[in-house]
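Listed below are the residues making up each chain.
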Amino acid sequence: MIHLKNVSYSFGRNWALKNISFDLEKGDFLFITGPSGAGKTTLLKLLHADLFPKGGEIKVAGYDLKKLPTRKHYLLKREVSIVLQDFKILTKLTVFENVALPLVVQKKPTLQIQKRVRAVLRSIGLYNKASVRCDELSGGEQQRVAIARAMVVNPKILLADEPTGNLDKTLSLHLLSVFNQFNLHGTTIVMATHNEELVSRQDRAKILYLQEGNIEAKNF
Ligand SMILES: Nc1ncnc2c1ncn2[C@@H]1O[C@H](COP(=O)(O)OP(=O)(O)OP(=O)(O)O)[C@@H](O)[C@H]1O
């Protein structure tokens, strides 16, 4: 599902990632941990073809990202959803409208959209906020809207950058259980986090520990 071999990335002279290699299978759950500036976000952006490696091999969801032309990136992005720290939701729209957006863009039938959006909102605990405008939500609720919008297309892979950053302990654990449900239905999850408690609670997760752009440790 994900294959990286000797992947490196630099911002100018600053090597954010150096010779990163690992493989993930369908249905894996990976935590990327490590201190601030270790390269976690950069790695997620490479997996979503938002950045391009300076060296190495990178294959995601069956696509060789070094060979995939920009005009075909939409094919990858249909299969791989990303939620970054600045979760860009449209604050003037309602929760329902935000989450429905990717399906509207894909021109799915209205009834199918309504069914799928309601199911995702229910699973993430936002069902009763469906008609609320997003600028009336808390930061944690807005973050969950972004995650619901990423999941509504039923992606093969979900990439999430510090998704519990704005959530209290109870909501963080709830979100982890939501991710687990998606994962048990086959979505491969790659989650960057500083939250050591979440990492330690997840027995079956793979863990990649980054430091200064290197893999310092991994358990797989
Ligand atoms: N747009 C950018 N321009 C220049 N350097 C950058 C840029 N984005 C990141 N970097 C640098 O790349 C390195 C890795 O950054 P990255 O954001 O991937 O780390 P991170 O592990 O996600 O950090 P955090 O936990 O704080 O989010 C850091 O040294 C950072 O300063």
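Reading the values: rules and limits
- Residues numbered from 1 in each chain as written.
- Predicted model: local features only at pLDDT ≥ 70, side-chain atom pairs only at ≥ 80, totals over all residues.
- Heavy atoms only, no water.
- Phe/Tyr/Trp six-rings, centres within 6.5 Å; stacked < 30°, edge-to-face > 60°.
- Buried < 20%, exposed > 50% of the residue type's maximum accessible area, 1.4 Å probe, protein only.
- Helix = DSSP H or I, 4+ residues; strand = E, 2+ residues; numbered from the N terminus.
- Lys NZ or Arg CZ within 6 Å of the ring centre and 35° of its normal.

**Student:** Would you explain the packing of aromatic side chains in this entry?
**Tutor:** Under the counting rule described, the total for this entry stands at three aromatic pairs. Judged by centre distance (5.0 Å) and plane angle (75 degrees), the ring pair of tyrosine 9 and phenylalanine 11 falls under edge-to-face. For phenylalanine 11, a relative accessible area of 43% puts it in the partly exposed group. Between phenylalanine 22 and phenylalanine 220 the ring centres are 6.3 Å apart and the planes differ by 85 degrees, which places this aromatic pair in the edge-to-face class. Of this pair, phenylalanine 22 sits in strand β2 (residues 14–24) while phenylalanine 220 sits in the segment after β10 (214–218); the two residues are 198 residues apart in sequence, bridging distant segments of the chain. By relative accessible area, which is 3% here, phenylalanine 22 ends up buried. On the basis of relative accessible area, phenylalanine 220 is assigned to the partly exposed category, the value being 29%. In this arrangement the basic side chain of lysine 54 is found over the ring face of tyrosine 9, its NZ or CZ atom lying 4.8 Å from the centre. Positioned above the aromatic ring of tyrosine 127, the side-chain terminus of arginine 122 is 4.5 Å from the ring centre.

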